[in-house]
Amino acid sequence: MPIFTVGKLLVVVGLAIAALGLLVMLGLPFGRLPGDIVVRRGNFSFYFPLATSIILSILLTLVFALFRR
């Protein structure tokens, strides 16, 4: 792996973490988005992060597409 690829990876990961931190600071309920499924019945609760998974998948697809070039 060439050094430029590692450098590019570190920059993109750092920017992604900073962007996520900014969104959380602005009040985005990351991990509790409107499309997530939550079922609570008595002593049982089930949480399936559907919308969070879709958004994370799209973001990772874009990041990996940048590294293919």
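The text that follows walks through the structure, step by step, so that each part is easy to find. All values reported here derive from a predicted model rather than from experimental measurement.

Reading the values: the criteria
- Residues numbered from 1 in each chain as written.
- Predicted model: local features only at pLDDT ≥ 70, side-chain atom pairs only at ≥ 80, totals over all residues.
- Heavy atoms only, no water.
- Helix = DSSP H or I, 4+ residues; strand = E, 2+ residues; numbered from the N terminus.
- Contact = heavy atoms within 4.5 Å.
- Buried < 20%, exposed > 50% of the residue type's maximum accessible area, 1.4 Å probe, protein only.
- Polar contact = N/O pair within 3.5 Å; in protein donor to acceptor, adjacent residues only side chain to side chain.
- Patch = residues over 30% accessible without salt bridge, like charges linked within 9 Å, V, L, I, M, F, W, Y side chains within 5 Å.
- Areas by Shrake-Rupley, 256 points an atom, 1.4 Å probe, with all protein chains shown as cover.
- Salt bridge = Lys/Arg side-chain N within 4 Å of Asp/Glu carboxyl O.

Each helix and strand in the protein chain was counted, giving two helices and two strands. Put simply, the protein chain runs from its N terminus to its C terminus through helices and strands in the order α-β-β-α. Residue pairs in contact within the protein chain that sit at least 24 positions apart in sequence constitute 20% of those at least 6 positions apart.

Our focus in this paragraph is the environment of L50. Take L50: it is sitting in helix α2 (residues 50-68). A relative accessible area of 36% means that L50 is categorised as partly exposed. Sequence separation between L50 and L33 is 17 residues, and the spatial gap between their C-alpha atoms is 8.6 Å. Residues contacting L50, with those up to four places away along its chain left out, are G35, D36 and I37.

Secondary-structure assignment places D36 in the loop between α1 (3-25) and β1 (37-41). Looking at D36, its side chain comes within polar contact range of the main-chain nitrogen of A51, at 3.1 Å.

There is a patch of nonpolar side chains on the surface, built from I37, F44, F46, F48, L50, I54, I55, I58, L59 and L62 and spanning about 930 Å² of accessible area. Breaking the nonpolar patch down by element, the ones donating at least two residues are β2 (44-48) and α2. Sorting elements by how many residues they give to the nonpolar patch places α2 first, with six residues. On the accessibility criterion, F48 (40% relative accessible area) is partly exposed.

Everything listed here is a matter of coordinates, which is why it stays silent on function.
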